Amino acid sequence: MAAPRSPLSRLFTVLLAGLLAGLVLAVAALPGNLLFGFAAQSAIGTYAALPEALRTPATPQRSYLYANDSKTLITTFYDVNRTDVALADIAPVMRQAIVASEDRRFYDHGGADVRGLLRALVANVKGGGTEQGGSTLTMQYVRNVLKTDPTRSAEERAAATDPTVGRKIQEIRYASALEQSLSKDEILNRYLNIAYFGSGAYGIGAASQRYFGKPPARLTLAEAALLAGLVQSPDAYSPIDGNKDAALARRGYVLDSMAATGAITAAQAAQAKAEPLALKPTAQPNGCTAVAQGHDDWGFFCDYLRRWWLTQPAFGATAAEREQALRSGGYTVVTSLDPEVQATAQQQATKVYGYDNKRALPIAAVQPGTGQVLAMAVNRHYSLADNPDGQANYPNTVNPLISGGASVDGYQAGSTFKLFTMLAALESGRTLSTGFDAPAKLRTRYAAEGPGSCDGRWCPVNANPDWMDGYRMMWDGFGRSVNTYFVWLAEQVGQDKVVEMAQRLGITFRAESDAAFAKDNAANWGSFTLGVAATTPLDLANAYATVAAEGTYCTPVPVVSVTDATGAKVPVGEPSCKRVLDADVARAATDAARCPVGQQSPYGQCNGGTATAVNRILDGRPVAGKTGSSEKNATETFVGFTPQVAVAGIAANPDDPTDSVGSAVQARVIDAVARVIGTAVKGQPETAFTAPSRELAGEPRRPVPRAPATPDREREPSQDPRAALQRWLDRRG
């Protein structure tokens, strides 16, 4: 007994009966192309009348993220795993295989093949075997476009596969109209880029990678035949997700078809049939949590890039549209991530603290003059995996510990903020030789109560009086990180000017309390110069990069270039830079910043530093920088820079700011940052810093130090008076 006919077979019966009724003699007398060409002309008119999706298909494509070498794949983003490829980049045997298996008369018909339709009708009416659809490649292409067109509604996309006579007639008409304006090769190329090959792979580019881990240009005959056989029933024939025996049987059918068309010989077909199924399944990563195996640290950079992408109007009017563009626009993104610098930063971060340590060392590296972010590392796995009980953010997290945002305000960076006081002072007309006899304790004008106060005023102290107290200028005040010198200097300049300077160089106040103080009471933020505001390694590195670039601030950017699916460059990611400091002011600050790292100012005024190991690690290469310790050594920071790179690292507990990392880790933080700098400048010529003018240097003096230079360690409690001051202000109304 014959198997009952499906709705599809009944559809062909009705369709062909309707189309061919009264035209049987015409079919016998006229070529099929002429018949269906006439039908298309009468029903659709011109190519221009076709739906836009058929004329300019908007097929979703995967976007690729590469490192700055344009070769190292970081990850991909997609809703549909598809990448369009040119016909010239598809192996000839693949083209031949798809034609032989799906539409042997492809190069002879005009979009709808009368012979194929009649053959399908006869086979389906007889029943008892594999049902035949009679659709040409062009008709299949029409169907695939209409059912995946993102500009159409869900109902319209579903209608593209309705088993109705009207839909089939429309498909024939559209196919015939397409053939009037597109070459056969263009239609074949479009088909190969939209067909579904199973296992989540749309288009031959994705399919070749998914099944064999290679581009379609390198497909062998046996591989091409296997892929061509999948399109008839992708889920059933997929050797990854379906039936391997069925896939091999279907491969044999395709090879026989190729031999029948003359594309290959019978001997070649037999040889290919004998080849084993040599799959190399390759799963394409999707999103930041699916970065290349063994490189989950790249996820933090990837996440930063994604958040940057969502702010770019070039990719859509809303964040949702920009997200969709990333996942379906087929972009090629060459990021600024330097694999070597990133590898060193990750190695150093995990050398200081292991992955399972509650404390962290986030590190960021930025290129002066461009703002390009070269590395973002931390001793955490970028992962959504569960953590052990009681471990909120370790070893796995997707929080932006390096760049800040979301729930991450940042960390206190201690005396690294003295840079902003020095810049504000230099900009106000003061010189590097501005002197002050720094006491062990300084009574300021700022109201305060509690341990850090004296007679109702805030009284900061020097952590190491024997080494820090005495007559200081900016050079040795910065080199020895003398608290009382810089608090005094900030009083002379005005704390509001210091806060404004920090903001000008890109320091963002993410903590609500910091933002409120900066907005409403900056002039009374006495402890600001000691780094009590929360910041991030990325903000800090970029602020110091501004000084390295002699006063040119560049907005941090995670990309080098972005091209769309057509290869056209998208106008985003270009360095966005502006001058925010006079070049001589920046040079003067750099000159003083040579002191902490054990180098010497051209004016010979450095006489001790808190990070002199840096000079040894970098073998005397011109470098500058600054250490920072917050109150009770809750955090330890070092930021260093050369003309080519600025790197910052902050040791902290991201989940508990009361957990002091301790002063002992400072030397390891210094070492870690210095070694990242070393990798970043490797192979680059040594570039000297430009000395500041005599006008900004002033008239240096050489008093005898009260104590000789001492070891590379800084202890500088900041005694933040903000809470006490706020209480005092509240009482005053």
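Every value quoted in this text rests on a predicted model; they were computed, and no experiment measured them.

**Focus on the state of the cysteines**
By the definition in use, this model includes 4 disulfides. At a sulfur-sulfur separation of 2.1 Å, the disulfide partner of Cys-554 is Cys-577. In this structure, the disulfide formed by Cys-554 and Cys-577 twists by about 110 degrees around the S-S bond and is classed as right-handed. Of this pair, Cys-554 sits in strand S16 (residues 552-554) while Cys-577 sits in strand S18 (residues 577-579); the two residues are 23 residues apart in sequence, bridging distant segments of the chain. Classification of Cys-554 by relative accessible area gives buried; the value is 3%. Along the protein chain, the cysteines engaged in disulfide bonds are linked according to the scheme 1-2, 3-4, 5-6, 7-8 when indexed in sequence order.

**Description of helix H16 (residues 298-309)**
If you check H16, its first and last C-alpha atoms are 16 Å apart, about what 12 residues at 1.5 Å a residue would give, namely 16 Å. Among the 12 residues in H16, 10 count as buried, and that is most of the element. For H16, the complete set of buried residues consists of Trp-298, Gly-299, Phe-300, Phe-301, Cys-302, Asp-303, Tyr-304, Leu-305, Trp-308 and Trp-309.

**Brief notes about the sheet that holds strand S6 (residues 363-366)**
Overall, antiparallel pairing links the 5 strands, which are arranged S7-S6-S21-S20-S19 in an open sheet. With one partner strand each, in any of the chains shown, strand S7 (373-377) and strand S19 (624-629) form the two edges of the open sheet. Sheet twist, expressed as the average angle between the axes of neighbouring strands with direction ignored, equals 5 degrees. Across 4 bridges, S6 lies against strand S21 (residues 646-651) in antiparallel orientation. Residue pairing for S21: Ile-363 is matched across the bridge by Gly-649. Contacting S19, strand S20 (636-641) and S21, helix H28 (residues 666-681) crosses the sheet at an angle of about 25 degrees to S20.

**Overview of the confidence of the model for the protein chain**
Chain-level pLDDT for the protein chain is 87 on average; 86% of the residues reach the 70-or-more range. Note on residues 20-45: pLDDT under 50 across the span, and 31 contacts to partners over four residues away in sequence or across chains. The model gives residues 703-712 a pLDDT under 50, and that stretch makes 26 contacts with residues more than four places away or in other chains.

**Notes on the packing of aromatic side chains**
Enumeration according to the criterion identifies 21 aromatic pairs in this entry. An aromatic cluster is defined as three or more aromatic residues linked by ring pairs; in this entry it consists of Phe-417, Phe-420, Phe-509, Phe-517, Trp-525 and Phe-528. The ring centre of Phe-106 lies 4.6 Å from the NZ or CZ of Lys-184, which sits over that ring. For Lys-626, the ring lying beneath its charged end belongs to Phe-478, and the centroid distance is 5.6 Å.

**Concerning the pairing of S21**
Each regular strand displays side chains that alternate between the two surfaces of the sheet. Within S21, 6 of the 6 residues are buried, leaving the element largely enclosed by the surrounding structure. Side-chain alternation along S21 places Ala-646, Ala-648 and Ile-650 on one buried face and Val-647, Gly-649 and Ala-651 on a second face that is also buried. In this sheet, S21 lies alongside S20 in antiparallel orientation, the contact comprising 6 bridges. Each residue of the ladder has a partner; that of Phe-641, found in S21, is Ala-646. Linkage of S20 to S21, two consecutive antiparallel strands, is achieved through a turn of 4 residues.

The rules we used
Residues numbered from 1 in each chain as written. Predicted model: local features only at pLDDT ≥ 70, side-chain atom pairs only at ≥ 80, totals over all residues. Heavy atoms only, no water. Disulfide = S-S within 2.5 Å. Helix = DSSP H or I, 4+ residues; strand = E, 2+ residues; numbered from the N terminus. Buried < 20%, exposed > 50% of the residue type's maximum accessible area, 1.4 Å probe, protein only. Expected span 1.5 Å × (residues − 1). Pairing = 2+ DSSP bridges. Axes fitted to C-alpha atoms, helices over the stretch in contact; angles between N-to-C directions. Contact = heavy atoms within 4.5 Å. pLDDT = per-residue confidence, 0-100. Phe/Tyr/Trp six-rings, centres within 6.5 Å; stacked < 30°, edge-to-face > 60°. Lys NZ or Arg CZ within 6 Å of the ring centre and 35° of its normal.

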